[in-house]
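# Descriptive analysis of the structure
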Amino acid sequence: MGMEEGAGVDKKITIGVCVMEKKVKCSPEVFSAPMGQIMDRLQAFGEFEIIHFGDKVILEDPVESWPICDCLIAFHSSGYPLEKVQAYSSLRKPFLVNDLDPQYLLHDRRKVYEHLEMYGIPVPRYACVNRKVPNQDLDYFVEDEDFVEVKGERFWKPFVEKPVNGDDHSIMIYYPSSAGGGMKELFRKVGNRSSEFHPEVRRVRREGSYIYEEFMPTGGTDVKVYTVGPEYAHAEARKSPVVDGVVMRNPDGKEVRYPVLLTPAEKQMAREVCIAFRQAVCGFDLLRSEGSSYVCDVNGWSFVKNSYKYYDDAACVLRKMFLDAKAPHLSSTVPPILPWKINEPVLSNEGLTRQGSGIIGTFGQSEELRCVIAVIRHGDRTPKQKVKLKVTEEKLLNLMLKYNGGKPRAETKLKSAVELQDLLDATRMLIPRTGPGESDSDAEDLEHADKLRQVKAVLEEGGHFSGIYRKVQLKPLKWEKVTKSDGEGEEERPVEALMVLKYGGVLTHAGRKQAEELGRYFRNNMYPGEGTGLLRLHSTYRHDLKIYSSDEGRVQMSAAAFAKGLLDLEGQLTPILVSLVSKDSSMLDGLDTASTEMEEAKAQLNEIITAGTKLVNDYVSSELPWMIDGAGLPPHADEHLPELIKLAKKVTEQVRLLAKDEEENHTEPSAYDLAPPYDQAKALGKSNIDVGRIAAGLPCGSEGFLLMYARWKKLERDLYNERRDRFDITQIPDVYDSCKYDLLHNSHLDLKGLDELFKIAQLLADGVIPNEYGINPQQKLKIGSKIARRLLGKILIDLRNTREEAMSVAELKNSQDQVSVSLYSSKKEDRYSQPKLYIKSDELKRPTNGENKDEDDDKETKYRLDPKYANVMTPERHVRTRLYFTSESHIHSLMNVLRYCNLDESLQGEESLVCQSALERLCKTKELDYMSYIVLRLFENTEESLEDPERFRIELTCSRGADLSPLEKKDEEAKSLLREHTLPIMGPERLQEVGSCLTLETMEKMIRPFAMPPEDFPRRQFRLASPVTFQKAPPCSSVL
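Criteria and cut-off values
- Residues numbered from 1 in each chain as written.
- Predicted model: local features only at pLDDT ≥ 70, side-chain atom pairs only at ≥ 80, totals over all residues.
- Heavy atoms only, no water.
- Helix = DSSP H or I, 4+ residues; strand = E, 2+ residues; numbered from the N terminus.
- Contact = heavy atoms within 4.5 Å.
- Areas by Shrake-Rupley, 256 points an atom, 1.4 Å probe, with all protein chains shown as cover.
- Salt bridge = Lys/Arg side-chain N within 4 Å of Asp/Glu carboxyl O.
- Buried < 20%, exposed > 50% of the residue type's maximum accessible area, 1.4 Å probe, protein only.
- Pairing = 2+ DSSP bridges.
- Core = buried A, V, L, I, M, F, W, Y, C linked by side-chain atoms within 4.5 Å.
- Phe/Tyr/Trp six-rings, centres within 6.5 Å; stacked < 30°, edge-to-face > 60°.
- Polar contact = N/O pair within 3.5 Å; in protein donor to acceptor, adjacent residues only side chain to side chain.
- Axes fitted to C-alpha atoms, helices over the stretch in contact; angles between N-to-C directions.
- Patch = residues over 30% accessible without salt bridge, like charges linked within 9 Å, V, L, I, M, F, W, Y side chains within 5 Å.
- Left-handed = near helix turned anticlockwise from the far one by under 90°.
- Nonpolar A, V, L, I, M, F, W, Y, C, P; charged D, E, K, R; others polar.
- Lys, Arg positive; Asp, Glu negative; His and termini not counted.
- Charge placed at Lys NZ, Arg CZ, Asp CG, Glu CD.
- Parallel < 35°, antiparallel > 145°, perpendicular 65-115°, else oblique.
- pLDDT = per-residue confidence, 0-100.

What follows concerns the overall build of the protein. Along the protein, the regular secondary structure elements total 31 helices and 33 strands. The long-range share in the protein, meaning contacts at least 24 apart out of those at least 6 apart in sequence, stands at 75%. When the accessible surface of the protein is summed, it comes to about 45400 Å², and 48% of that surface belongs to carbon and sulfur atoms.

Structural data, given as structure tokens:
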């Protein structure tokens, strides 16, 4: 429709495109450049004449000779003469799509943030460091090991460092030492990479001016928002470069991005960004973190790539903008058939959009997987260790006072690198120069010196400090009055303190390998369909993934390694850990809630073993062997204890001789006296064996013979008290742990008697470990419900939210024909509909339904795929995944509640959630070893009615984790695995009979008595996405 026909005028509106040619030229690929696509559509209306200025005109001709136009598209890019364009604008006064003056702001990140704050737009917490010359020292800037401080405001690692120059895209993220340290550099895409991790870089840059801002965890996803005027905003999600720096591309080589729905609050932010910078066409970066959204960058003129629907919308919005500015008397109503629709190319289904067999449950094609919940134990680790010694040395007492603020009765905890280095320096000076056994001092002094040597060796281990693996407590025990330094009066001063050094428990190379391989197994087997089904769901924003970990370093690193395998990521674990893993120690750590009951169980267990107490029922003849007290203990367990201590002493003596040889060979200054270079692999768990150490006959990992001897000597001493002739059966799991570790990692040392010790320790540990969590099912249920109460509550919340989400999808799907999807029209949307328009500001302020507010406090913000813009065949399909990484105690506790919950008084007469055959297997499966896991999968049968309880069913599976058979056999397969120092992970076993149906309703009824109620969970600070009144779309999963 030309203006000659529609308005009786003889002149078209001229649109000048005054931009560099590289921004508008068409590419030879599947799609043309966005600018060309949109300009072609504008011309197709017949109302506009497009004038391309070209580089020669812009760069060489005077502005007086430039073409005259009614509307001007002009935006800065490299080499663009913005001042010259401003002169042209002043001369001809065209309508500007994007104002020119504010474009200067976009080159300075400081001014961008100031402008955003001026308009009340949320930004990350930040501070500026301004230098006039490179490396200028500033009195207001302080850098410490794990933070920087700017004008008194502290930014703990991880934090982000951005150059103030907006055209400099070298952005750094610095990681805390507790996560392994290092720095990740983000940059403009180079090939398939957009970031690089540098484990050795720990100090910030000082050659320029920088912005420091708080790192916002986004779950591994970035969101880019594109406005076309203040009433239109389109958003796309992509894999964040923060995770592993590998760019995900489709078969055409384009970066994979998927359109997502903005919440009303985010739409208001887009409107305000557009108005604040007077840039109608504008792109900006949005961070979605913990339920809130923040703008972290404004880019200016930006168009979406490779979206025909967006090109249609943008052309329609720009058309209205031009007509309102230059021909307001004309109608800007979109014609019923867009003029270019006839020639629109047909989009082919690219490889990434194929669904294959889809997600199918065992009940048939109508069943969809909705939720995967897994509780997973950490991977293989070094033995956990503790050194206790009383200290009276002034250097150590002064150190305690230095870090507790000079309070003589206050306890001190040392974890940071600076604190541990101070302790190491003091310890080195206190150790006698003579070796063990060479002094005339008494036995107590010798033991004290040996412990100081052990402390020194532990602190020197690995050549660097990492707070998640080593920590020291100094607790004052005795005090005396001394004269104050100024001579006036007296003051109290500690003269003796207890030093407790905890170390070990480090994820080994085998543990990291196990976790990655298990992640890959989940990717390929837990999500029905083709092997890439999970990655497809994840990349298209239909996979709602959250990973939680306890506070222990080995658990965090296991979670990061698992995520690497699950999502097919590359690179180091530190960025993955910080980006994807959330710590929740209150849910996944600690035994304090059941400490009294566990002590009682251990006392009863000790009585059964050491006193030879007969079991309540005969183990062999009982039809339900798991129901008796002390189930799993071997007959006459007490008879094995003398042999256990005899073999432990034999192994300890061999390690003592090795440690003695090591000490004698260190008469000259050794590597221990000079800290070796930083080796990140030792902190995070390597994926390969240290072949050099093995070949040299040294222990695996960073443990030397001195520490290995200290480990075995402590076990020998704690296991049996010769003076009192008393065994401590609580040490049996630790003996078994050390045997298992040395058989797997130190078999090359050929310790005599270790095999026999392992067999006896395993026999006893198989009975002791499960019974520490209760010696009968009733006690196991009580202890398990106390330890796992919060975790059980969270699992029920996950399942409930998934069901509500799925029900909402089903209801919306059933009423889809009646739903109005346009703000301005009640007509059913078809392929010629108007573009999605902005929700009005008064609707943005409208509160959510008040009566449901409290009920929803435990829900998480939901971010969703935009089905109108996504080239996805099933945009309504979505899967929620929740992964909980924890320790042995929580795995045992959860399993005990699942299998014994029906024994509770309130559930009398109910059947167990675990079938009889599975109960028998679990009774024989004593140990839930490294990487053991319990999985709950929720399926929806869409053929059942919404009211039918069988619409949602639960599938329970578990794995006992690492397969120990290579330690028990001597065949070729076992030898091969031992050469790699790793053990395979057992596959999952069903906890229900095949064909049975455990409904979600039944699961909730059986678990609820032992779970923390939703109302007891802390109120979340997240905001819920308000319902969008102009478009009903199926609820979709949260941000990744």
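This is not the end of the story, as more comes after the structure.
What follows covers the side chain of Ser77. Along the polypeptide, Ser77 turns up in the loop between strand S3 (71-74) and helix H4 (82-92). Excluding its chain neighbours within four sequence positions, the residues that come into contact with Ser77 are Met20, Lys22 and Lys23.

So, on to the pattern of salt bridges. Counted under the stated rule, the structure contains 60 salt bridges. Residues Glu804 and Arg800 are paired through a salt bridge, measuring 3.8 Å at the closest nitrogen-oxygen approach. Here Glu804 and its partner Arg800 are both found in helix H24 (residues 789-814), four residues apart, which amounts to about one turn of the helix. Using a relative accessible area of 34% as the deciding quantity, one classes Glu804 as partly exposed.

Of the positions making up helix H8 (residues 394-403), those classed as buried are Leu396, Leu397, Leu399, Met400 and Leu401. Those residues of H8 that are buried lie in contact with strand S20 (384-391), strand S21 (412-414), helix H9 (417-430), strand S22 (471-483) and strand S23 (490-504). Positioned one or two residues after H8, Gly405 has a phi angle of 80°, which is positive.

A word on the pairing of strand S15 (residues 233-239). Taken across its seven residues, S15 has five buried, putting it largely inside the fold. Between strand S14 (residues 221-228) and S15, which pair antiparallel in sequence order, lie four residues; one of them, Gly229, sits at a positive phi of approximately 80°. Two elements, S15 and strand S16 (residues 258-261), share three bridges in a ladder whose sense is antiparallel. Counterpart to Glu236 in the pairing with S16 is Pro259.

Turning next to the nonpolar core. Soluble globular proteins tend to bury their nonpolar side chains together. In terms of nonpolar packing, the biggest core is built from 50 residues, with Ile609, Leu644, Trp712, Ile732, Val735, Leu757 and Leu967 touching the most fellow members. Elements represented by at least two residues in this core include exactly helix H16 (595-610), helix H17 (641-664), helix H20 (705-719), helix H21 (732-745), helix H22 (754-771) and helix H23 (777-787). Excluding its chain neighbours within four sequence positions, the residues that come into contact with Val735 are Leu644, Leu715, Leu719, Leu757 and Ala761.

Moving on, we come to the packing of aromatic side chains. One pass over the structure, following the stated rule, counts 24 aromatic pairs. With a centroid separation of 5.9 Å and an interplanar angle of 90°, the aromatic rings of Phe53 and Tyr88 are classed as edge-to-face. Taken together, the residues Phe53 in the loop between strand S2 (48-52) and helix H3 (55-60) and Tyr88 in helix H4 connect sequence positions 35 residues apart. On the basis of relative accessible area, Phe53 is assigned to the buried category, the value being 5%. In this structure Tyr88 comes out as buried when scored by relative accessible area, which is 0%. Plain terms: the ring middles of Tyr310 and Tyr311 are 6.2 Å apart, the flat faces sit at 65° to each other, and that makes the pair edge-to-face. In this structure Tyr310 comes out as buried when scored by relative accessible area, which is 0%. Cluster of aromatic residues (ring-pair linked, three or more members): Phe75, Tyr232, Trp301, Phe303, Tyr308, Tyr310 and Tyr311.

Let us look at the side chain of Thr218. Locating Thr218 in the fold gives a position in the loop between strand S13 (210-214) and S14. A residue is classified by how much of its surface remains accessible, and Thr218, at 9% relative accessible area, is buried. At 3.0 Å, the side chain of Thr218 forms a polar contact with the backbone oxygen of Thr221.

An order of S2-S1-S3-S4 is seen for the four strands of this open sheet, with the pairing classed as parallel. Of all strands in the sheet, those with a lone pairing partner are S2 and strand S4 (95-96), marking the two edges. Along the sheet face, helix H2 (residues 34-44) touches strand S1 (13-18), S2 and S3 and points at about 145° away from the line of S2.

Glancing now at the sheet that holds strand S5 (residues 126-129). Across the sheet, six strands lie side by side as S5-S13-S9-S10-S11-S12; this open sheet has antiparallel pairing. Strands with a single pairing partner mark the edges of an open sheet, and in this sheet they are S5 and strand S12 (193-198). For this sheet the average axis-to-axis angle between neighbouring strands, irrespective of direction, equals 25°.

By the element assignment, Leu719 lies in helix H20. Taking the C-alpha atoms as reference points, Leu719 and Ile645, separated by 74 residues in sequence, lie 7.3 Å from one another. Sequence-distant contacts of Leu719, that is, excluding residues within four places in its chain, are made with Leu644, Ile645, Arg726, Phe727, Asp728, Gln731, Ile732 and Val735.

Turning our attention to a nonpolar patch on the surface. Taken together, the side chains of Met118, Tyr119 and Ile275 define a hydrophobic patch exposed on the protein surface, amounting to about 320 Å² of accessible area. Summarising the element assignment, Ile275 is placed in helix H6 (residues 264-276).

The next point concerns the environment of Ser65. By the element assignment, Ser65 lies in the loop between H3 and S3. Of the residues examined, Ser65 reaches a relative accessible area of 45% and is grouped as partly exposed. Taking the C-alpha atoms as reference points, Ser65 and Tyr88, 23 residues apart in sequence, are found 9.7 Å from one another. There is a polar contact of 2.9 Å between the side chain of Ser65 and the backbone oxygen of Pro62.

Our focus in this paragraph is the packing of H16 against H23. Viewed as axis vectors pointing N to C, H16 and H23 meet at an angle of 150°, and their least axial separation amounts to 10 Å. In the crossing of H16 with H23, the sense of the turn from one axis to the other is left-handed. In contact with Glu597, Met598, Glu600, Ala601 and Gln604 of H16, H23 contributes Gln779, Lys782, Ile783, Lys786 and Ile787. Within the contact of H16 with H23, the residues separate by chemical class into four nonpolar, two polar and four charged.

This paragraph deals with the pairing of S20. The two faces of S20 differ: Gln385, Val387, Leu389 and Val391 on one face are buried, but Lys384, Lys386, Lys388 and Lys390 on the other face are not. Pairing geometry for S20 and S23, over eight bridges, is antiparallel. The residue bridging Lys384 from the neighbouring strand is Gly504, located in S23.

Here we come to a positive patch on the surface. A contiguous patch of positive charge on the surface is contributed by Lys386, Lys388, Lys413, Lys415, Lys471 and Lys502. Secondary-structure assignment places Lys386 in strand S20. The partly exposed category is assigned to Lys386, whose relative accessible area is 34%.

Put simply, helix H11 (residues 509-525) and helix H13 (residues 553-566) touch, their axes get as near as 7 Å, and they point 40° apart. With respect to their mutual orientation, H11 and H13 come out oblique. Here the hand of the crossing between H11 and H13 comes out right-handed. Contacts between H11 and H13 pair Arg512, Ala515, Glu516, Leu518, Gly519, Arg520, Phe522 and Arg523 from the former with Ser558, Ala561, Phe562, Lys564, Gly565 and Leu566 from the latter.

Interpretation of the predicted coordinates at a detailed level should be avoided for regions scoring low in pLDDT. In the predicted model, the protein carries a mean pLDDT of 81, and 81% of its residues have values of at least 70. Counting interchain partners and residues more than four positions distant, the pLDDT-below-50 stretch residues 345-364 has 50 contacts. Ignoring residues within four places in sequence, the model shows residues 817-859, a span with pLDDT below 50, making 70 contacts including any to other chains.

Take Lys924: it is sitting in helix H28 (residues 916-924). Considered as a pair, Lys924 and Gly632 are 292 residues apart in the sequence and their alpha carbons are 7.6 Å apart.

Residue Pro158 is bonded to the preceding Lys157 through a cis peptide linkage, with omega at 5°. Mapped onto the elements of the fold, Pro158 is located in the loop between strand S8 (153-156) and strand S9 (159-163). Its identity is not glycine, yet Asn135 carries a phi of approximately 60°, on the positive side. Tracing the sequence through the fold places Asn135 in the loop between S5 and strand S6 (141-143). We classify Asn135 as exposed; its relative accessible area is 54%.

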